[in-house]
Amino acid sequence: MNKRVQSPESTVQSGIRTNLNTVGLAIVILLMSSLACGDVEKVTVTVQADKPGAKISPTMWGVFFEDINFAADGGVYAELVKNRSFEFPNPMMGWSKIPSGSTLGMIEILDRNPFIDANPHYLRIKADGKDFGVSNEGLRGMGIRAGDKYVFSAQVRAVQGQPALRIVLVGSDERKLAEAKLDGFTKQWKKYSATLCAAATESKARLNIYVEGPSGIDIDMVSLFPEKTWKNRPNGLRADLVQMIADLKPGFIKFPGGFLTEGRRLDNRYQWKATIGDLAERKLMINAFNEFRPRPTPDYFQSYGLGFFEYFQLCEDLGAEPQPVLNCGMAAQFSGQMAPLDQLEPYIQDALDLIEFANGPATSPWGKKRAEMGHPQPFDLKTIRVGNEQVGPHYIERYEQFARVLKAKHPEIKLIAGVGPEPDDDRFKFAWGKLRELKAAIVDEHAHKQPGWFFGNAARFDRYDRKGPKVMTGEYAAHSEPGLINPNNRSNLECALSEAAFMTGLERNADIVVMSCYAPLFAHVDAWQWTPDLIWFDNLNAYGTPSYYVQQMFSCNGGDVVLPVSLQVPEPHTQRLYISAVCDNMTSEIIIKAVNPTKNPIETQINLSRARVASPAKAIILTSPKLTDENSLEAPKNIFPVEGMIQNVSAPFNYSFRPYSFTVLRLSTESTQARRAARIDPMVALRYE
Ligand code: AHR
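**Examining the overall build of the chain**
Secondary structure summary: the chain contains 13 helices and 35 strands in total. Radius of gyration (C-alpha) of the chain: 28 Å, near the 26 Å computed for a compact globule of 689 residues. Dimensions along the principal axes, computed over C-alpha positions, put the chain at roughly 95 × 60 × 50 Å. Put simply, the chain has 689 residues, and 59% of those count as buried.

**Considering the sheet that holds strand 9 (residues 149-160)**
The strand order across the open sheet built from five strands is 5-6-14-9-12, with neighbouring strands paired in antiparallel fashion. On the outer flanks of this sheet lie strand 5 (105-110) and strand 12 (190-197), each paired with one strand and no other. Across the sheet, the mean angle from the axis of one strand to that of its neighbour is 30°, orientation sign disregarded. As paired elements, strand 9 and strand 12 share eight bridges and run antiparallel to each other. Note that in strand 12 the partner of Val 151 across the bridge is Thr 195.

**Quick look at the pattern of salt bridges**
Applying the stated criterion across every chain, the model contains 41 salt bridges. Here Asp 526 and Lys 204 are joined by a salt bridge, their closest N and O atoms 2.6 Å apart. With a gap of 322 residues between them, Asp 526 in the loop between strand 24 (522-524) and strand 25 (535-537) and Lys 204 in strand 13 (residues 202-212) connect regions that are remote in the sequence. Between Glu 445 and Arg 460 there is a salt bridge; the shortest N-O distance is 3.1 Å. Here Glu 445 is found in strand 21 (residues 442-449), whereas its partner Arg 460 is found in the loop between helix 10 (451-456) and strand 22 (470-478), with 15 residues between them in sequence. Judged by relative accessible area, which is 6%, Arg 460 ranks as buried.

**Side note on the nonpolar core**
One recurring pattern in soluble globular proteins is that nonpolar side chains are buried together. Counting residues in hydrophobic clusters, the biggest one holds 128 residues, and the most contacted among them are Phe 65, Phe 522 and Phe 662. Those residues within four positions of Phe 522 in sequence are excluded, and the remaining contacts are Phe 65, Ile 68, Asn 69, Ala 71, Val 76, Leu 241, Ile 245, Asp 533, Ile 535 and Phe 537. If you look at the next biggest cluster of nonpolar residues, it comprises 37 residues, including Leu 123, Leu 177, Ile 219 and Leu 224.

**Some words on the site of the ligand**
All residues in the neighbourhood of the ligand are listed as Glu 66, Gly 258, Phe 259, Phe 289, Asn 388, Glu 389, His 448, Glu 475, Ala 519, Pro 520 and Trp 530. Asn 388 has a polar side-chain atom sitting 2.8 Å from an oxygen atom of the ligand. Here an oxygen atom of the ligand and a side-chain polar atom of Glu 389 are 2.7 Å apart. In isolation the ligand has 280 Å² of accessible area, and contact with the protein removes 94% of it. Residue composition of the shell around the ligand, grouped by class: five nonpolar, three polar and three charged.

**Details of the packing of aromatic side chains**
With the rule as written, the count across this model stands at 46 aromatic pairs. Arranged with centres 6.1 Å apart and planes meeting at 45°, the rings of Phe 259 and Phe 334 form a pair that is tilted. Remark: Phe 334 occurs in the loop between strand 18 (321-326) and helix 6 (345-359) and Phe 259 occurs in helix 4 (residues 259-262); sequence separation between them is 75 residues. Lying over the aromatic face of Trp 366, Lys 369 brings its terminal NZ or CZ to 5.0 Å of the ring centre.

**Here we look at the sheet that holds strand 25**
Pairing is mixed in the open sheet, where three strands are placed in the order 24-25-26. Two strands in the sheet have a free side with no partner beyond their single neighbour: strand 24 and strand 26 (542-544). Within this sheet the neighbouring strands show an average axis-to-axis angle of 20°, counted without direction. The sheet contact formed by strand 24 and strand 25 spans three bridges and is parallel. Looking at strand 25, one finds that Ala 523 is bridged to Trp 536. Those strands touched by helix 3 (residues 239-246) are strand 24, strand 25 and strand 26, and its axis lies near 15° from that of strand 26.

**Digging into the side chain of His 446**
The topology assignment puts His 446 in strand 21. In this structure the side chain of His 446 is engaged in a polar contact, spanning 3.5 Å, whose partner is the side chain of Arg 385. Apart from residues no more than four positions distant in its own chain, His 446 is found in contact with Lys 254, Arg 385, Asn 388, Glu 389, Gly 420, Pro 421, Glu 422, Pro 423, Gly 474 and Glu 475.

**Remarks on the environment of Tyr 304**
Within the secondary structure, Tyr 304 is located in the loop between strand 17 (301-302) and helix 5 (308-318). The sequence separation of Tyr 304 and Trp 432 amounts to 128 residues, and the corresponding C-alpha distance is 34 Å. Discounting residues that sit within four places of it in the chain, Tyr 304 has contacts with Asp 73, Tyr 270, Ala 274, Thr 275, Arg 282, Lys 283 and Met 285.

**Overview of the packing of helix 5 against helix 6**
A pair of packed helices is captured by two measures, namely the crossing angle of their axes and the spacing between those axes. Here helix 5 crosses helix 6 at 50°, and the two axes come no closer than 11 Å. When the interaxial angle is binned, helix 5 and helix 6 end up oblique. Crossing of helix 5 against helix 6: the hand is right-handed. Residues Phe 308, Phe 309 and Phe 312 of helix 5 touch helix 6, and the partners they reach there are Leu 354, Phe 357 and Ala 358. Within the contact of helix 5 with helix 6, the residues separate by chemical class into six nonpolar, no polar and no charged.

What counts and what doesn't
Residues numbered from 1 in each chain as written. Predicted model: local features only at pLDDT ≥ 70, side-chain atom pairs only at ≥ 80, totals over all residues. Heavy atoms only, no water. Helix = DSSP H or I, 4+ residues; strand = E, 2+ residues; numbered from the N terminus. Rg over C-alpha atoms; globule rule 2.2 N^0.38 Å. Buried < 20%, exposed > 50% of the residue type's maximum accessible area, 1.4 Å probe, protein only. Pairing = 2+ DSSP bridges. Axes fitted to C-alpha atoms, helices over the stretch in contact; angles between N-to-C directions. Salt bridge = Lys/Arg side-chain N within 4 Å of Asp/Glu carboxyl O. Core = buried A, V, L, I, M, F, W, Y, C linked by side-chain atoms within 4.5 Å. Contact = heavy atoms within 4.5 Å. Near = heavy atom within 4 Å. Polar contact = N/O pair within 3.5 Å; in protein donor to acceptor, adjacent residues only side chain to side chain. Areas by Shrake-Rupley, 256 points an atom, 1.4 Å probe, with all protein chains shown as cover. Nonpolar A, V, L, I, M, F, W, Y, C, P; charged D, E, K, R; others polar. Phe/Tyr/Trp six-rings, centres within 6.5 Å; stacked < 30°, edge-to-face > 60°. Lys NZ or Arg CZ within 6 Å of the ring centre and 35° of its normal. Parallel < 35°, antiparallel > 145°, perpendicular 65-115°, else oblique. Left-handed = near helix turned anticlockwise from the far one by under 90°.

As structure tokens, then:
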């Protein structure tokens, strides 16, 4: 039977791709045939292990954290109290009088003589008896674990009598989970705290605060934190959710948005300076997703407890580069609101000050603030994303002004520019053209599309200009349903496989693609606005979607150098295989990633040029019987990467890629074995015959 040789890498190395047809067919072998199952002739995969290509950027696989779907407040930020500072527009949102309708006391919101001017509202509670107080419902309830400790704290002053507080954690059935007492209050505001130990586990607990009367108090900044947070930090992050990010081994963390950075209006944009320093002084802001159709969330606000300091600290903890996104002087494009060009200075100054906050000496004005927050050493900021999904000449003009000032003052900082919300419309083409002329360093493309788009774009970057800006795919996710914001989207296996196919294209083109991240990262099962998402959680547990495991399989098997790979396919064609290959310099392993999205196995013969491979090899496989299969809180590992060893591997060898699968093959070479045996240090070159 005839075979067709397809060798995309030869054109990658020769520069700009022009022959779209040839190249488009090169990796995606998607064709028609009538060969019966069993008759299928093998696809020949040739990995040119002796011709290492481009280096893969350490930032290739990252994450994008945006406070959407309760990702920060109610999610990663471990505070359990909703509206702790009574600064929501409805200051009692999240709070209720207990017992409801009781006349045994009174509650009122006041703003005279607050404990701090920046946080003016507080609650006054006057009680006649023992069982009067207020209850906080948490952010869709509070997740409490048996045996764990919880730290209650509040600013309190006595206004009548000699008040005492009884703090009680209760379950959804009013069962008492923990209790503590506080007293000794004076007429001066002061912070008090108590530790509660939970007797039972409950995902929808509430916090009750009783004032033992007759007496009265003023109370503010009412907080309840698990003692066990990420790295056990006070004001910390939810450890299990951070662990989910850590397990992705992200090369960078993009933050804080998205649409959140733009804001519905400019006064609602994300402003990093409001998110640092004393917690009580971080001015609350409505979350731009609060009114998001089709799932408005009226109680969605940003406390900024997870602000820019905590973000930089998280990047440092995870060994990920920070990648802040800053407003470019334009609100979300639909608002039409933008700062005039001659009034952009405060926006650009925000960028300069952020660089100083991150990297400046502790003696500089903004570096001093970082040092005062406990981090005198710099955070090593290297890139900034200017704007989000703004488009047209207005965006380009604003980007130009940012670039002019920042390049002059901080040539060490790389700027990332955007090309809009779509990966192929006229706005995209316009912006790409302009940014190429402006010699932008990195251009960030977004793609929220159906699986067909991702399969169809697996060879997209094969044909990109090698001399232009580098590329980031800074928001992508396969949507199972049509339309951008469809609440019926499911994160199923098909979506994950299509993303994996697309990602083989990112990896093969690592000479120009330097960063990528899925979006959005998190969603609370009871408080989401957008689907699909990478990680879903409730107040106690979390699970990764199949897309999560695809991200993890790429990131944890990232390698250092691209290896050219080509396919020889039988004619007529029967199969679709999406493939990439890399070399891991630390272990001298050859790593092959392949997606078979079809219902039949794909039989291959794998040639590795002259590399000598040694048994056993490792196969990591993500698969499930149906493309519509998913994970859930109840079955979090329904679709999960399974590892197995392959014996008797020698090049060439036969391998059958399973139906509906994404596979990572890790092939040891003789150098790997020598390194293992002699404990030789990394960077041993591959040995060839
Ligand atoms: O990822 C969710 C949203 O999609 C982002 O906030 C926005 O940038 C994009 O349109």
